[in-house]
Amino acid sequence: MSMGHLGNSAGPRPGMEVVKDWNGVPQVVLRSPRGASARVSLHGGQVVSWRNDRGEELLFTSSKAIFKPPNALRGGIQMCFPQFGNSGTLERHGFARNRIWTLDDEHPINHNDNGNKAFVDLLLKPSEDDLKCWPHCFEFRLRVSLSKDGDLSLVSRIRNVNGKPFSFSFAYHTYLSVSDISEVRIEGLETLDYLDNLSHRERFTEQGDAITFESEILKASLHKVDRVYVSSPNVVAVLDHEKKHTFVIRKEGLPDVVVWNPWEKKSKTMVDFGDEEYKQMLCVDAAAVERAITLKPGEEWTGKLELSAVSSTNCSDHLDHPVSI
């Protein structure tokens, strides 16, 4: 891996350090003044770690994850573009998560509050091989930032620099680390319609007061959960009763939420996933899946995600706050 992928930066800014993983792929480490940290790989623009100020890892990564390009790492936060899942002709979840990104110092995303955050700007442009399988020119700019309180923010900007319109789907494929899946519930998706990927995307309506993961519901869904909740609110909470903390997920420009857990049977068929690891993870993805996003030439789309990990006793104070990124 050439350090040319790091761009022309004069040097890391405060709160930011560039290191290399054991494959020689550059990673950017962000640190907050209070001790929280995040790690972003230039392979896939993937957030591979997010730790709170006590050093606790908040994102799940499989113990059997394959840390070698071109495979995406099983865990963290993956950039799914220009396709989510197997809904098109491209590789699963699109090619963005399997490409090498560059540092973007020439066209930074402009936000007024960056003085309080450590951040990095990344850029992906299509290669010649990408254009052969998806013939559309684009610029994908990603900012990953860490606030002084340890909140993790991602802002994606995708611009059409093509001569014709193109359409795409998108998701922040987010693996949350949980104590035990049976101790977790999701609030904010009650009464919503969802597309069940285990039933050929048939539409159902969520009936429960909150989504829980008990054996009865999983028996009904063939021992696996794979749903796209459509027209979802911009704030969703994932409560972990055993850890007594809550993930607060805020989003903009992303109307859907994907909920996924492979459960026992599927886990045993995945080479990069432990047989019992489904108990320690849950994917809750801010996404645009049901309806494709279409950009005319010169148009730009923005999708924002903010993750907070707070004490469950203080959760209600955070649910009313808008996205601040």
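Everything discussed here concerns the structure shown above.
Residues numbered from 1 in each chain as written. Predicted model: local features only at pLDDT ≥ 70, side-chain atom pairs only at ≥ 80, totals over all residues. Heavy atoms only, no water.

(A) Quick look at the overall build of the protein chain. Check the secondary structure of the protein chain and you find 4 helices and 20 strands. Here the protein chain, with 325 residues, has 53% of them falling under the buried criterion. Across the protein chain, contacts joining residues at least 24 apart in sequence account for 65% of those joining residues at least 6 apart. With the model as given, the accessible surface of the protein chain reaches about 14,400 Å², and the carbon-plus-sulfur share is 47%. (Helix = DSSP H or I, 4+ residues; strand = E, 2+ residues; numbered from the N terminus. Buried < 20%, exposed > 50% of the residue type's maximum accessible area, 1.4 Å probe, protein only. Contact = heavy atoms within 4.5 Å. Areas by Shrake-Rupley, 256 points an atom, 1.4 Å probe, with all protein chains shown as cover.)

(B) Fine view of the nonpolar core. Counting residues in each nonpolar core, the largest one holds 73 residues, and the members touching the most others are L152, L154, F168, I186 and L282. Ranked by residue count, the leading element in this core is strand β19 (residues 281–295), at 8 residues. With residues up to four places along the chain from it excluded, the contact list for F168 reads F81, P82, W134, I158, A292, I293, L295 and W301. Grouped together as the second largest cluster of nonpolar side chains are 9 residues, C80, V230, V258 and V289 included. (Core = buried A, V, L, I, M, F, W, Y, C linked by side-chain atoms within 4.5 Å.)

(C) Quick peek at the sheet that holds strand β17 (residues 245–252). Pairing is antiparallel across the open sheet formed by 9 strands, whose spatial order is β6-β7-β8-β9-β20-β17-β16-β11-β14. Each edge of the open sheet carries a strand with a single partner, namely β6 (102–103) and β14 (211–212). (Pairing = 2+ DSSP bridges.)

(D) Just the packing of aromatic side chains, in detail. The tally for this structure, following the rule as stated, stands at 21 aromatic pairs. Ring geometry for W101 versus F140: centroids 4.8 Å apart, planes at 70°, classification edge-to-face. With W101 in the loop between β5 (77–80) and β6 and F140 in strand β8 (residues 138–147), this residue pair connects regions lying 39 residues apart in the sequence. Overall, the relative accessible area of 0% leaves W101 in the buried class. Since its relative accessible area comes to 0%, F140 is described here as buried. Centroid distance F170 to Y172: 4.9 Å. Interplanar angle 90°. Geometry classified as edge-to-face. We classify F170 as buried; its relative accessible area is 0%. (Phe/Tyr/Trp six-rings, centres within 6.5 Å; stacked < 30°, edge-to-face > 60°.)

(E) Region of interest: unusual backbone geometry. Following F81, the chain continues to P82 via a peptide bond in cis, the omega torsion being 0°. Here P82 shows up in the loop between β5 and β6. Not every positive phi belongs to a glycine, and T191 is a case in point at roughly 65°. Position of T191 among the secondary structure elements: in the loop between β11 (184–187) and β12 (193–196). Despite not being glycine, R201 shows a phi value in the positive range, around 60°. Tracing the sequence through the fold places R201 in the loop between β12 and β13 (202–205). Given the relative accessible area of 35%, R201 is considered partly exposed.

(F) Examining the side chain of S156 more closely. Tracing the sequence through the fold places S156 in strand β9 (residues 152–160). By relative accessible area, which is 0% here, S156 ends up buried. In this structure the side chain of S156 is engaged in a polar contact, spanning 2.8 Å, whose partner is the side chain of Y172. Those residues within four positions of S156 in sequence are excluded, and the remaining contacts are M79, F140, R141, L142, F170, Y172, W301, T302 and G303. (Polar contact = N/O pair within 3.5 Å; in protein donor to acceptor, adjacent residues only side chain to side chain.)

(G) Molecular detail of the pattern of salt bridges. Applying the stated criterion across every chain, the model contains 24 salt bridges. In this structure, R159 and E300 form a salt bridge, with 3.3 Å as the shortest nitrogen-oxygen distance. Pair noted here: R159 is in strand β9 and E300 is in strand β20 (residues 300–311), with a separation of 141 residues, a long-range link. You can call R159 partly exposed: its relative accessible area is 30%. A relative accessible area of 33% places E300 in the partly exposed class. (Salt bridge = Lys/Arg side-chain N within 4 Å of Asp/Glu carboxyl O.)

(H) Region of the structure containing the pairing of strand β4 (residues 47–51). Within β4, 4 of the 5 residues are buried, which leaves it mostly tucked inside the rest of the structure. Connecting the antiparallel pair strand β3 (residues 37–41) and β4 is a turn made up of 5 residues, with G44 showing a positive phi of about 85°.

(I) Summary view of the environment of E299. With respect to the secondary-structure elements, E299 resides in the loop between β19 and β20. Given the relative accessible area of 34%, E299 is considered partly exposed. Taking the C-alpha atoms as reference points, E299 and N160, 139 residues apart in sequence, are found 5.6 Å from one another. Apart from the residues within four sequence positions on either side, E299 is in contact with I158, R159, N160 and T294.

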